[in-house]
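Structure assessment
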Amino acid sequence: MLFIVRLTIVVLYCIVVCILGSIWCLFSPRNPRHVATFGHLFGRLAPVFGLKVETRKPEGAEKYGNAIYIGNHQNNYDMVTASNIVQPPTVTVGKKSLVWIPFFGQLYWLTGNILIDRDNRAKAHTTIATVVSQIRKRNISVWMFPEGTRSRGRGLLPFKTGAFHAAIAAGVPIVPVCVSNTSNKINLNRWNNGLVIVEMLPPIDTRDWGKEQVRDLAAHCRQVMEAKIDELNKEVAEREAADKR
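Summarised in this report is the structure supplied together with it. (Residues numbered from 1 in each chain as written. Predicted model: local features only at pLDDT ≥ 70, side-chain atom pairs only at ≥ 80, totals over all residues. Heavy atoms only, no water.)

Moving on to the side chain of His34. Here His34 shows up in helix H2 (residues 33-43). With a relative accessible area of 7%, His34 lands in the buried category. Each residue touching His34, except ones within four places of it in the same chain, is listed here: Trp24, Cys25, Ser28, Leu110 and Thr111. (Helix = DSSP H or I, 4+ residues; strand = E, 2+ residues; numbered from the N terminus. Buried < 20%, exposed > 50% of the residue type's maximum accessible area, 1.4 Å probe, protein only. Contact = heavy atoms within 4.5 Å.)

Pasting the structure below:
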């Protein structure tokens, strides 16, 4: 019964947000500041799923300027966890087919996100060039998932190098965003599904890294994120255990 109630609320909420959001965005289409606005609105669904989401940002994070944000990509719940910490003007990179999803696809395009052809591996260099061009032309930041796919409980997957090539080429820092584990954590028939911590780390300067060192940069960022995610998972486990006492 709880599952049905939750599903109904989520579907109705998403349809309303997407329709009204698309109409709102028509007054300033492709404005990158819309992404954070609607990301935070979707983040408000977290309590509906029985989740308490705690966000943490370094002091002065609002003044970072243009950057490439990288996050761990676990599952579809990222939309109600990681979305809470998105800063304007930051856009995401998604595949072109997203635009055909009813209601959501139209909002995704109108909010100014970057659409690419992910099925064409031969266009990888074009994708990087597009991201770099968008950062410079629109004075924006870009959020990317370097794992390239949802991990679905397999831990932090190996990183692809696209985000790091783009950061070096654009001359912007990498800002890691780490989300504690949500895999197998959420039972839609259970009232309380616990705590999720989303933490933004300090920026990693890319100016000292050349394009020939891009794999080393990716490995370094992955190591930093893996350590932080392990730390967050441990904290969540301890706090949830304490709450049950």
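Moving on, there is more to tell.
Next up on the list: the side chain of Thr161. Inspection of the secondary structure puts Thr161 in the loop between strand S5 (141-144) and helix H5 (162-170). Residue class for Thr161 comes out buried when judged on its relative accessible area of 16%. Filtering out sequence-adjacent residues up to four positions away, Thr161 remains in contact with Val214 and Arg215.

Ile68, Ile70, Val142, Phe164 and Ile174 are the most contacted members of the largest nonpolar core, which totals 37 residues. It is helix H6 (residues 214-244) that contributes the most residues to this core, 8 residues altogether. Residues in contact with Val142, not counting those within four places in the same chain, are Ala67, Ile68, Tyr69, Thr90, Val91, Val93, Ile114, Val131 and Ile135. Counting 30 residues, the second-largest nonpolar core is a separate cluster that includes Val10, Cys18, Val175 and Val179. (Core = buried A, V, L, I, M, F, W, Y, C linked by side-chain atoms within 4.5 Å.)

Here the focus is the packing of H5 against H6. The contact between H5 and H6 brings their axes to 9 Å, and the two run at 115°. Considered as vectors, H5 and H6 are oriented roughly perpendicular to each other. The handedness of the crossing between H5 and H6 is right-handed. Contacts from Phe164, His165 and Ile168 of H5 reach H6 at Val214, Leu217, Ala218 and Cys221. (Axes fitted to C-alpha atoms, helices over the stretch in contact; angles between N-to-C directions. Parallel < 35°, antiparallel > 145°, perpendicular 65-115°, else oblique. Left-handed = near helix turned anticlockwise from the far one by under 90°.)

Applying the stated criterion to the full structure yields 6 aromatic pairs. Seen from their ring centres, Tyr69 and Trp143 are 6.2 Å apart, and the 15° between their planes marks the pair as stacked. Taken together, the residues span a long stretch of sequence, with Tyr69 in strand S2 (residues 68-71) and Trp143 in strand S5 at a distance of 74 residues. Ring centres of Trp143 and Phe145 lie 6.3 Å apart, and the angle between their planes is 65°; on these two criteria the pair is classed as edge-to-face. For Phe145, a relative accessible area of 27% translates into the label partly exposed. An aromatic cluster is present here, built from Phe42, Phe104 and Tyr108 joined pairwise through their rings. (Phe/Tyr/Trp six-rings, centres within 6.5 Å; stacked < 30°, edge-to-face > 60°.)

The next thing to look at is unusual backbone geometry. Peptide bonds are trans in most cases, and residues, glycine excluded, mostly fall at negative phi. The peptide bond linking Pro88 to Pro89 adopts the cis configuration, its omega dihedral lying at -5°. One can find Pro89 in the loop between S2 and strand S3 (90-95). Of note, Asn139 is a non-glycine position whose phi angle comes to about 55°, a positive value. When you line up the elements, Asn139 lands in the loop between helix H4 (124-138) and S5. Non-glycine residue Asn184 carries a positive phi angle of around 60°.

Enumeration over the complete set of coordinates arrives at 11 salt bridges. Two residues, Glu235 and Arg56, come together in a salt bridge whose shortest N-O distance is 2.5 Å. Here Glu235 is found in helix H6, whereas its partner Arg56 is found in strand S1 (residues 52-56), with 179 residues between them in sequence. Glu235 sits in the partly exposed class, given a relative accessible area of 21%. The class of Arg56 is partly exposed, set by a relative accessible area of 24%. Of the charged contacts, one joins Lys185 and Glu240 as a salt bridge, the two residues approaching to 2.7 Å between their closest N and O atoms. Here the residue Lys185 occupies a position in the loop between strand S6 (174-179) and strand S7 (195-200), and Glu240 occupies one in helix H6, the gap between them amounting to 55 residues. Take Glu240: its relative accessible area is 22%, and that puts it in the partly exposed class. Overlapping salt bridges bring together Glu54, Arg56, Glu199, Lys228, Glu231, Glu235 and Arg239 as one network. (Salt bridge = Lys/Arg side-chain N within 4 Å of Asp/Glu carboxyl O.)

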